[in-house]
Amino acid sequence: LVAVRAEAAGGGINPAIRKEEDKVVDTVLTGELAKPLTAYCRCWRSGTFPLCDGAHVKHNKATGDNVGPLLVKK
Ligand code: FES
């Protein structure tokens, strides 16, 4: 919500990820084959979306946001 408010004045939080889709939805399934820990991006700045690549750190410093990844643990 904080990130959405910070970006709202600029026209949205997603500048480039899968813009050809009406809605970007990703499903996380966990199970025996899952990695022990996976970090999923919630800032829309990752170069490896939907996985977090740490780009949220630069985004937070530049905008004052406090977004971070969704962590999925096995
Ligand atoms: Fe987006 Fe980490 S790069 S949450």
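Our structure is the block above this text.
Residues numbered from 1 in each chain as written. Predicted model: local features only at pLDDT ≥ 70, side-chain atom pairs only at ≥ 80, totals over all residues. Heavy atoms only, no water.

S.K.: I'd like a rundown of the overall build of the chain, residues and numbers included.
M.R.: Secondary structure summary: the chain contains 2 helices and 2 strands in total. In the chain, the succession of α and β elements from N to C terminus is α-β-α-β. Each of the 74 residues in the chain was classed as buried or not, and the buried ones make up 26%. In the chain, the proportion of contacts linking residues at least 24 apart, taken out of those at least 6 apart, comes to 55%. As displayed, the chain has an accessible area near 5,400 Å², and 56% of this comes from carbon and sulfur atoms. (Helix = DSSP H or I, 4+ residues; strand = E, 2+ residues; numbered from the N terminus. Buried < 20%, exposed > 50% of the residue type's maximum accessible area, 1.4 Å probe, protein only. Contact = heavy atoms within 4.5 Å. Areas by Shrake-Rupley, 256 points an atom, 1.4 Å probe, with all protein chains shown as cover.)

S.K.: Kindly report on the nonpolar core, identifying the contributing residues and their values.
M.R.: Counting residues in each nonpolar core, the largest one holds 8 residues, listed as Ile13, Ile17, Val24, Cys41, Cys43, Trp44, Phe49 and Val67. Discounting residues that sit within four places of it in the chain, Phe49 has contacts with Ile17, Arg18, Val24, Asp26, Cys41 and Trp44. (Core = buried A, V, L, I, M, F, W, Y, C linked by side-chain atoms within 4.5 Å.)

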